[in-house]
Amino acid sequence: DTAVSQTPKYLVTQMGNDKSIKCEQNLGHDTMYWYKQDSKKFLKIMFSYNNKELIINETVPNRFSPKSPDKAHLNLHINSLELGDSAVYFCASSPTTGGHNSPLHFGNGTRLTVT
Amino acid sequence: AQSVTQLGSHVSVSEGALVLLRCNYSSSVPPYLFWYVQYPNQGLQLLLKYTTGATLVKGINGFEAEFKKSETSFHLTKPSAHMSDAAEYFCAVIKGGSNYKLTFGKGTLLTVNP
């Protein structure tokens, strides 16, 4: 009965490859997010979708492309992986985009290692 | 720009001692403030939040935080540390009235010694 689930948990790949991370939430939330946590634990938002529509798109390389087939899923596809992409990627969801009354529910993260 | 500063990347306390994790924010408008906790190999979990009203906010696991506008602070405290409190703690802020876009501090690792 995991609320926000990400797959895979670990992903090791070589530079130049293309990979995807999947996220699903069973909370009935309208909004989903991708966050990146670097090696120093710093968390930064990458994207946010509300009902399948992109609402936040931070300064992220074009190699990163989110896709939301429905409001319960938000996948992250990364092309031409680089060493600097190594990080932990967290998916999250919230009931609405209403901010303070919509706390985030996080998945357990996907640790991406690019060699 | 909205930001938070967490003083001290690592705090170490003895079991039973007071926990104090510091967070200061910069904001030109009343912010919404949050504390999240991250246990090893897990995602973040909301501990507590301040939106409006009472400035002393109580959260889960015995934690509380006080919003002090004059000091632009939102420090997290717990009277008596437990071994299970060992984790990374993140202070976060969103600008009042904005879309949901959390800005996180750099985190404070809390270790609890027996």
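The structure displayed is predicted, hence computed values, not measured ones.

Engineer: Help me understand the pairing of strand E4 (residues 31-38) of chain B in this model?
Structural biologist: Regular strands place their side chains on alternate faces of the sheet. Residues and elements named next belong to chain B. The buried count for E4 comes to eight of eight residues, which makes it a mostly enclosed element. In E4, alternate side chains face the same way, and those of Pro31, Leu33, Trp35 and Val37 on one face and Tyr32, Phe34, Tyr36 and Gln38 on the other are all buried. Looking at chain direction, E4 and strand E5 (residues 44-50) are connected through six bridges and run antiparallel. The residue of E5 that forms the bridge with Gln38 is Leu44.

Engineer: What is the right way to read the state of the cysteines from this model?
Structural biologist: What the rule picks out here adds up to two disulfides over all chains. One disulfide in the model links A:Cys23 with A:Cys91; its S-S distance is 1.9 Å. Because the sign of the S-S torsion sets the handedness, a value of about -80° for the bond joining A:Cys23 and A:Cys91 places this disulfide among the left-handed ones. You can see A:Cys23 sitting in strand E3 (residues 19-25) and its partner A:Cys91 sitting in strand E9 (residues 87-94), a full 68 residues away along the chain. Each sulfur in the disulfide pair B:Cys23 and B:Cys91 lies 1.9 Å from the other. Negative torsions about the S-S bond denote left-handed disulfides, and the value of about -65° found for B:Cys23 with B:Cys91 makes this one left-handed. Within this pair, whereas B:Cys23 is found in strand E3 (residues 19-26), its partner B:Cys91 is found in strand E9 (residues 87-95), the two being separated by 68 residues in sequence.

Engineer: Whenever I open this one, the interface of chain A and chain B confuses me. Can you help?
Structural biologist: Taken together, the contacts link 23 residues of chain A with 21 residues of chain B. At the boundary of chain A with chain B, total buried surface from both sides reaches about 1,800 Å², with 58% on carbon and sulfur atoms. The tally of links from chain A across to chain B stands at three residue pairs in polar contact (both at pLDDT 80 or more). At the level of elements, strand E4 (31-37) and strand E5 (43-50) of chain A are the ones that each hand at least two residues to the side of chain A that touches chain B. By residue number, the principal contributor to the side of chain A that touches chain B is E4(A), which donates three residues. In terms of residue class, the side of chain A that touches chain B is made up of ten nonpolar, nine polar and four charged.

Engineer: Would you mind going over the side chain of B:Gln38 with me for this structure?
Structural biologist: Structurally, the position occupied by B:Gln38 is in strand E4. Side-chain polar atoms of B:Gln38 contact the backbone oxygen of B:Gln42, separated by 3.0 Å.

Engineer: How should I be thinking about the sheet that holds E3(A) in this particular structure?
Structural biologist: Within a sheet, each strand pairs with its neighbour through backbone hydrogen bonds, oriented either parallel or antiparallel. Residue and element names in this part refer to chain A. Within the open sheet, the four strands sit side by side as E1-E3-E8-E7. Their pairing is antiparallel. Edge positions in the open sheet fall to strand E1 (4-7) and strand E7 (64-70), since each of these has one partner strand only. For this sheet the average axis-to-axis angle between neighbouring strands, irrespective of direction, equals 20°.

Engineer: What am I meant to see in the sheet that holds strand E1 (residues 3-7) of chain B here?
Structural biologist: All names here are of chain B. Spatially, E1-E3-E8-E7-E6 is the arrangement adopted by the five strands of the open sheet, whose pairing is antiparallel. On the outer flanks of this sheet lie E1 and strand E6 (56-58), each paired with one strand and no other. Between one strand axis and the next, the sheet turns by 20° as a mean value, whatever way the strands run. Across three bridges, E6 lies against strand E7 (residues 64-68) in antiparallel orientation. The residue bridging Lys58 from the neighbouring strand is Glu64, located in E7.

Engineer: What should I look at first to understand unusual backbone geometry in this one?
Structural biologist: Trans is the prevailing form of peptide bonds, just as negative phi is the prevailing case for residues other than glycine. Residue and element names in this part refer to chain A. The linkage connecting Thr7 with the following residue, Pro8, adopts the cis geometry, with an omega of 0°. Checked against the element boundaries, Pro8 lands in the loop between E1 and strand E2 (10-13). Of note in this structure, Lys41 is not a glycine but carries a positive phi near 75°. Mapped onto the elements, Lys41 comes out in the loop between E4 and E5. Backbone geometry at Lys52 places phi at a positive 75°, although glycine is not the residue there. Mapped onto the fold, Lys52 is located in the loop between E5 and strand E6 (53-57). Using a relative accessible area of 46% as the deciding quantity, one classes Lys52 as partly exposed.

The rules we used
- Residues numbered from 1 in each chain as written.
- Chains lettered and ligands numbered in written order.
- Predicted model: local features only at pLDDT ≥ 70, side-chain atom pairs only at ≥ 80, totals over all residues.
- Heavy atoms only, no water.
- Buried < 20%, exposed > 50% of the residue type's maximum accessible area, 1.4 Å probe, protein only.
- Helix = DSSP H or I, 4+ residues; strand = E, 2+ residues; numbered from the N terminus.
- Pairing = 2+ DSSP bridges.
- Disulfide = S-S within 2.5 Å.
- Contact = heavy atoms within 4.5 Å.
- Buried area = accessible area lost by both parts, 1.4 Å probe.
- Polar contact = N/O pair within 3.5 Å; in protein donor to acceptor, adjacent residues only side chain to side chain.
- Nonpolar A, V, L, I, M, F, W, Y, C, P; charged D, E, K, R; others polar.
- Axes fitted to C-alpha atoms, helices over the stretch in contact; angles between N-to-C directions.

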